[in-house]
Amino acid sequence: MSGLRSFVARRLLLGAVQTGTVVVLVFALTEALPGDAAVALAGDQPDPARIEAIREAMRLDRPAYERLADWTAGLVRGDFGTSLVSGRPVGHYIADGFGPTLVLAALTVALLIPAGFGLGVLAARREGRRTDRWISSVTLAVYAVPEFALGTLLVTVLALRLGWLPPTAVGYGTDLLAHPSALVLPVLVLASRPVCSLSRLVRAGMIDALGSPYVAQARRYGVSPARVTWTHALPGALAPAAQHLARTIDWLLCGVIVVEALYAIPGLGTVLLDAVAERDMPVVQGLAVVFGTVTVVLNLGTDLVLRRLAPRAGVAA
């Protein structure tokens, strides 16, 4: 128990340092961007006096370290700043976009886990046979197709040609659960490549686990094949799959820009694209901090899960 507490404390300290580093890097990178936000907001024919007034209102005339200190203090209080374009709090943008992105991520993970693990286990149990070859070939082919290409293909066939599904989520607002048909195509596109990579990882881990001595010993004791597969072999194949699943969830929650733009989903990715197009730096900074923090938290959770699945790996870490 003391070793687990020490491990968690080290990971929490590392996570805090990483989060602080993310905040500083986000501020530094946005400061290094070319151009002047005050000039962009002043219009096509900016007046020097108007530019100066905007800079003063935005506190751009203050030193960078003072603005970083004020911004960091605001983040600690949960204040992400104010949009330069609309004057709305940045937190409202994040709250509005987080709902659709979370819905997409949750539905994708709900499809990804059973499909990825099921295909991987099935391929491993049929290693070298026709089923294994078919699963390996199809997953490799699908994984090679980029999201935007697969999304365009599905829209053309299922939405425009056959008319089975709506091509985009335009007109549905942020309550996507009330319009499940608008979620089918985005979820299929989002899950396609992760299912392929997860199934291949599970297959490789299961093949190693099924050939291990403890599985052979379980078979000698007369344990049923189903119990050997799901109780003895699968836990040993979960570590790399858990890492990949955490990276996938991170990718989903941090705004899947291509898919959200393709299907007009009003999620975090769309909010980020709009903010970049309008040079709304406080919104960009706030989203970047949220994305970085989500990544740190998910990695911390993954470390704890791997510690449980593979204790020796956690001790070595």
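Each remark here, short or long, concerns the structure printed above.
*Asks:* Hey, could you run me through the nonpolar core in this one?
*Replies:* General note: in soluble globular proteins, nonpolar side chains tend to be found buried as a group. Counting 39 residues, the largest nonpolar core has L154, L185, Y263, V283, L287 and F291 as its most contacted members. One finds V121, A191, V202 and V215 within the second-largest nonpolar core, a separate group that totals 19 residues.

*Asks:* Teacher, can you tell me more about the pattern of salt bridges here?
*Replies:* Where charged atoms from two side chains of opposite charge approach closely, those side chains can pair. Scanning the model with the defined rule gives three salt bridges in all. Between R203 and D132 there is a salt bridge whose closest N-O contact spans 2.7 Å. Of this pair, R203 sits in helix α8 (residues 181-210) while D132 sits in helix α6 (residues 130-143); the two residues are 71 residues apart in sequence, bridging distant segments of the chain. Look at D132 and you get buried, because its relative accessible area is 3%.

*Asks:* Just checking my understanding: could you explain the packing of aromatic side chains for this structure?
*Replies:* In this description, a pair of aromatic rings is defined by centroid distance and the angle of the planes. Applying the stated rule across the entire model yields zero aromatic pairs. Positioned above the aromatic ring of Y93, the side-chain terminus of R88 is 4.7 Å from the ring centre. One cation-aromatic arrangement involves R193 over Y143; the distance from NZ or CZ to the ring centre is 4.5 Å.

*Asks:* It is not clear to me how the side chain of S197 should be interpreted in this structure. Could you clarify?
*Replies:* Tracing the backbone shows S197 in helix α8. On the accessibility criterion, S197 (14% relative accessible area) is buried.

*Asks:* When you look at helix α7 (residues 147-161) in this model, what are you seeing that I'm missing?
*Replies:* Residue pairs spaced three or four apart in an α-helix point in one direction, given the helix's 3.6 residues per turn. The terminal C-alpha atoms of α7 lie 20 Å apart, and with 15 residues this matches the ideal 21 Å at 1.5 Å per residue to within 8%. Remark: the principal bend of α7, roughly 30°, maps to V155. When α7 is considered as a whole, its buried residues turn out to be E147, L150, G151, L154, V155, L158 and A159. Considering only its buried residues, α7 is in contact with α8, α11 (238-253) and α12 (257-262). Phi turns positive one or two residues past the end of α7, at G163, with a value near 70°.

*Asks:* I would appreciate a short explanation of a nonpolar patch on the surface in the present structure.
*Replies:* A contiguous nonpolar patch, built from L153, V157, L162 and W164 and spanning about 420 Å² of accessible area, is present on the exposed surface. Here L162 is to be found in the loop between α7 and α8. Judged by its relative accessible area of 42%, L162 falls in the partly exposed class.

Procedures and definitions
Residues numbered from 1 in each chain as written. Predicted model: local features only at pLDDT ≥ 70, side-chain atom pairs only at ≥ 80, totals over all residues. Heavy atoms only, no water. Core = buried A, V, L, I, M, F, W, Y, C linked by side-chain atoms within 4.5 Å. Buried < 20%, exposed > 50% of the residue type's maximum accessible area, 1.4 Å probe, protein only. Salt bridge = Lys/Arg side-chain N within 4 Å of Asp/Glu carboxyl O. Helix = DSSP H or I, 4+ residues; strand = E, 2+ residues; numbered from the N terminus. Phe/Tyr/Trp six-rings, centres within 6.5 Å; stacked < 30°, edge-to-face > 60°. Lys NZ or Arg CZ within 6 Å of the ring centre and 35° of its normal. Expected span 1.5 Å × (residues − 1). Bend = angle between axes of the 7 residues up to and from the residue. Contact = heavy atoms within 4.5 Å. Patch = residues over 30% accessible without salt bridge, like charges linked within 9 Å, V, L, I, M, F, W, Y side chains within 5 Å. Areas by Shrake-Rupley, 256 points an atom, 1.4 Å probe, with all protein chains shown as cover.

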